[in-house]
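Chains, contacts and geometry: an overview
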Amino acid sequence: MTDLTRLTIAEAREKLAAKEFSAAELTDAYLAAIEAANPAINAYVTVTADKARAMAKASDARIAAGKAGALEGIPLGIKDLFGTEGVHTQACSHILDGFRPRYESTVTQNLWNDGAVMLGKLNMDEFAMGSSNETSYYGPVKNPWRAKGSNADLVPGGSSGGSAAAVAAFLCAGATATDTGGSIRQPAAFTGTVGIKPTYGRCSRFGVVAFASSLDQAGPIARDVRDAAILLRSMASVDDKDTTSVDLPVPDYEAALGQSLKGMKIGIPKEYRVDGMPEEIEALWQQGIAWLKDAGAEIVDITLPHTKYALPAYYIVAPAEASSNLARYDGVRYGLRVDGKDIVDMYEKTRAAGFGTEVKRRILIGTYVLSAGYYDAYYLRAQKVRTLIKRDFELAFQAGVDAILTPATPSSAFGIADEDLAADPVKMYLNDIFTVTVNMAGLPGLSVPAGLDHKGLPLGLQLIGKPFEEETLFRTAHVIEQAAGRFSPTKWW
Amino acid sequence: MSVDIATVKRVARLARIAVSEEEANRMTGELNGILGFVEQLSEVDVAGVEPMTSVTPMAMKKREDAVTDGDKADDIVANAPASDRNFFLVPKVVE
């Protein structure tokens, strides 16, 4: 029998419906792959094998009864940020030690309602704060990709590093992820997978551990554009439990694939040509432009003048919101408690022991910029800059641009424990330079693999769209995928 | 703007995170690195610009003021490190 884990969601869906194999067989194939690979990759922090088998069995019953849902029997990995009832949910932090929620996040509930099977919870940067998956309490994830002729371990990107690595290494058919500043798109680019951060308000944030509430948005990481479209359709919904959930029907994103790009205008922002960007990234960008032009799109130069201020504004807004959101971890209601001589001492000791270095750094920055006397200079100014960043995009769209094409990341995957990056937090933050503007403006952004660099590592292109026009991104990304082909790592694990 | 070690200790106290002398020292450098990086925002002309308060322009959703959830005290204390008869237990806070 062929290796079932190699099938895309679209292929598995078809073969399950044709009863070529059962959902139970498909799930078993993934569980076996995880058991063999996870000690090396470290993508999963918990595997829910019994639950997966029970869910697959229920899927087989529904398939037999002719009641299959849109994702019936499809085995998925879930980022540890999503609340899953009765199952490990710790945002890969020590402070949520032992936490098992009594509720289910809306996004995961939507997936189960459509028949999907949960394989387990995926590794991530602690509280989604990181770009390399190295801040996880559960240790770094290894990228399934290695440079040609090298045995050196590379990061899968972050914060959704476990999601991206599990999809690339065939340890799940698709994965949920979240993106606050690039946490879906950067790991997708580093692993040759497709990731989309939808418009703010498209996926419910209910039951997802909060990092920066005005920036957080859930989305899928998948093997190809079609699978990402299939997953997003199930994940997205209108939800009364999230007041920022937008009342718009969820379209059939898959139907957008294969549509012509004729008459479409693609904007190329000159501000995304940054100093020190490798020649290969520029070449990849030009290649992407050529592909879209060949497909009938019109290419126009645009300007997004406030681009360079997005990252500094983000490093005020995101830590400020995080410091407020993470105040709830006090050793009283859930998770870790370290006893102290009085209640304040207990809070301080609990939070000192429970949070990792990067999380503490961001809480302190956030507390500082919100503290008396500094609010106007930092937070208020950053929120004004955010208005200007959004306005840049609005002007481009008003001028007739349908989507914007940029590189996804300023480099390919870097090494685990890179000394330069470890020594300077700001250097690590620069990984998100092309993705963070999209979160600041609340727009949808998609990363699609477009080629390999000279080391044989995947590189991605990013497409940015108008609010709630994810279909345009899928349609355009599909053209790039058709031209570039798909990329899989050589198995070493 | 930059911070000194006393400010870092004061902010850590506000954030209720215990820090050692060595940690406070290291974080002073790191925080100043980040504050130096965000300093470039001061060159942006924000005169007359409204701060963003809603990512998607929309009216706040409202619902009928009615009880839609509740009676789940067991669920709420289920993950507490210490609880007793549906109360969270904490060290004594009043004499």
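Just so it is clear, the model here is predicted, and its values are computed rather than measured.

**Points about the overall build of chain B**
The secondary structure content of chain B amounts to 3 helices and 2 strands. For chain B, the succession of helices and strands along the chain, N to C, is α-α-α-β-β. Relative to the compact-globule value of 12 Å for 95 residues, chain B shows a C-alpha radius of gyration of 22 Å, a clear excess of over 25%. Expressed along its principal axes, the backbone C-alpha trace of chain B runs to roughly 55 × 45 × 25 Å.

**Comments concerning the nonpolar core**
All names here are of chain A. Counting residues in hydrophobic clusters, the biggest one holds 179 residues, and the most contacted among them are F127, F393, L405 and F474. A total of 10 residues in this core trace back to one element, the largest contributor, which is helix α9 (residues 310–325). Filtering out sequence-adjacent residues up to four positions away, F474 remains in contact with I196, V225, A228, A229, L232, Y253, L257 and L446.

**Examining the interface of chain A and chain B**
In this assembly, 69 residues from chain A lie in contact with 50 residues from chain B. Scanning the region where chain A abuts chain B turns up 6 salt bridges. The closest approach of N and O atoms between D75(B) and R102(A), which form a salt bridge, is 2.8 Å. Summed over the shared surface of chain A and chain B, the number is 20 residue pairs in polar contact (both at pLDDT 80 or more).

**Examining the environment of I17(B)**
Among the structural elements, I17(B) can be located in the loop between α1 (5–14) and α2 (21–38). The exposure class of I17(B) is buried, given its relative accessible area of 3%. When the C-alpha positions of I17(B) and L31(B) are compared, they lie 15 Å apart, and in sequence the two are 14 residues distant. Ignoring sequence-local partners within four residues, the contact set of I17(B) consists of E348(A), R351(A), A352(A), F355(A), K360(A), I363(A) and A12(B).

**With respect to the confidence of the model for chain B**
Residues and elements named next belong to chain B. Taken as a whole, chain B shows an average pLDDT of 93; of its residues, 100% reach a score of 70 or greater. For chain B, α2 is the element with the lowest average pLDDT, namely 95, and α1 is the one with the highest, namely 97. Note on the complex model: pTM 0.97, ipTM 0.96.

**So, the pairing of strand β8 (residues 298–302) of chain A**
Residues and elements named next belong to chain A. Relative to β8, strand β7 (residues 265–269) runs parallel, the two sharing 5 bridges. Within β8, the residue paired with P269 across the bridge is I302. The β-α-β motif built from β7, the intervening helix α8 (residues 279–294) and the parallel element β8 has right-handed crossover chirality.

About the criteria used
- Residues numbered from 1 in each chain as written.
- Chains lettered and ligands numbered in written order.
- Predicted model: local features only at pLDDT ≥ 70, side-chain atom pairs only at ≥ 80, totals over all residues.
- Heavy atoms only, no water.
- Helix = DSSP H or I, 4+ residues; strand = E, 2+ residues; numbered from the N terminus.
- Rg over C-alpha atoms; globule rule 2.2 N^0.38 Å.
- Core = buried A, V, L, I, M, F, W, Y, C linked by side-chain atoms within 4.5 Å.
- Buried < 20%, exposed > 50% of the residue type's maximum accessible area, 1.4 Å probe, protein only.
- Contact = heavy atoms within 4.5 Å.
- Salt bridge = Lys/Arg side-chain N within 4 Å of Asp/Glu carboxyl O.
- Polar contact = N/O pair within 3.5 Å; in protein donor to acceptor, adjacent residues only side chain to side chain.
- pLDDT = per-residue confidence, 0-100.
- Pairing = 2+ DSSP bridges.
- Right-handed = clockwise from strand over helix to strand, strands pointing away.

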